[in-house]
Amino acid sequence: MTAMQPEPHVALIVEDEPYVRELAGALLEETPLDVVEVETAEAALAYLKEQGSEVAMMFADVRLPGEMDGVQLAKAACTLWPTMRIVLTSGDPDAASDDLPDCVTFMPKPWRGLDVLVQAEKAIHDPQPPVM
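Nothing here was measured: the structure is a model prediction, and the numbers come from that model. (Residues numbered from 1 in each chain as written. Predicted model: local features only at pLDDT ≥ 70, side-chain atom pairs only at ≥ 80, totals over all residues. Heavy atoms only, no water.)

**Q** Please explain the environment of Gln51 as it appears in this structure.
**A** Checked against the element boundaries, Gln51 lands in helix 2 (residues 41-51). A sequence separation of 68 residues divides Gln51 from Gln119, and the C-alpha atoms of the two residues are 20 Å apart. (Helix = DSSP H or I, 4+ residues; strand = E, 2+ residues; numbered from the N terminus.)

**Q** I tried to follow the side chain of Glu15 on my own but got confused; where do I start?
**A** With respect to the element layout, Glu15 can be found in the loop between strand 1 (10-14) and helix 1 (18-28). Judged by its relative accessible area of 3%, Glu15 is buried. When sequence neighbours within four positions are dropped, the list of residues in contact with Glu15 reads Val20, Arg21, Val38, Glu39, Asp61, Leu64 and Lys109. (Buried < 20%, exposed > 50% of the residue type's maximum accessible area, 1.4 Å probe, protein only. Contact = heavy atoms within 4.5 Å.)

**Q** Honestly, the pattern of salt bridges in this entry has me stumped. Any pointers?
**A** Side chains that differ in charge, positive against negative, can pair when their charged atoms come close. What the rule picks out here adds up to six salt bridges. In this structure, Arg63 engages Asp92 in a salt bridge whose closest nitrogen and oxygen atoms are separated by 2.7 Å. One end of the pair, Arg63, is in the loop between strand 3 (55-61) and helix 3 (70-80); the other, Asp92, is in the loop between strand 4 (85-90) and strand 5 (104-108), with 29 residues separating them in the sequence. You can call Asp92 partly exposed: its relative accessible area is 25%. Among the charged side chains, a network of salt bridges with common partners joins Glu15, Asp61 and Lys109. (Salt bridge = Lys/Arg side-chain N within 4 Å of Asp/Glu carboxyl O.)

**Q** Looking at this model, I keep getting lost on the state of the cysteines. Mind explaining?
**A** Cysteine pairs can be linked by a disulfide, which is a covalent bond between their two sulfur atoms. Scanning the model with the defined rule gives one disulfide in all. The disulfide bridge from Cys78 ends at Cys103, spanning 1.5 Å between sulfur atoms. In this structure, the disulfide formed by Cys78 and Cys103 twists by about 45° around the S-S bond and is classed as right-handed. Of the two residues, Cys78 is situated in helix 3 and Cys103 in the loop between strand 4 and strand 5; the sequence distance between them amounts to 25 residues. You can call Cys103 buried: its relative accessible area is 15%. (Disulfide = S-S within 2.5 Å.)

**Q** Would you mind showing me how to read the packing of helix 2 against helix 3 here?
**A** Angle between the axes and distance between the axes are the two parameters that describe a pair of packed helices. For the pair helix 2 and helix 3, interaxial distance at closest approach is 10 Å and the crossing angle is 15°. By the angle class used here, helix 2 and helix 3 are roughly parallel. Along this stretch, helix 2 crosses helix 3, giving a crossing that reads as right-handed. Within the contact between the two elements, helix 2 uses Ala41, Ala44, Leu45 and Leu48 and helix 3 uses Leu73, Ala76 and Ala77. Partitioning the contact of helix 2 with helix 3 into residue classes produces seven nonpolar, no polar and no charged. (Axes fitted to C-alpha atoms, helices over the stretch in contact; angles between N-to-C directions. Parallel < 35°, antiparallel > 145°, perpendicular 65-115°, else oblique. Left-handed = near helix turned anticlockwise from the far one by under 90°. Nonpolar A, V, L, I, M, F, W, Y, C, P; charged D, E, K, R; others polar.)

In structure tokens:
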């Protein structure tokens, strides 16, 4: 008998700016999602390898410190966790054209709180269909 997979219930925030990370965290705390905050793509990937099936939404900056940026992280996440909602954000207007995967929603900075909450709502009630 196989165990049921738990419903995804985590919002993973990947942002190196503490103020922006805390703001996104405070917003997402208003949703039913549990919030996990990390500063780098590498930390996000480490978390996903352990808890990926529990993540409903990843909210990540395109520009991150370390070896991997948000676009590379999103590509890995799209492949390994295809039903996760992935939102990338950047203050660089050119970042939206940085070869973003189809599974990614791009949100320019400064983003509005309501837009973040709409994405969280979609993550909870309308998960991404797996890409075949």
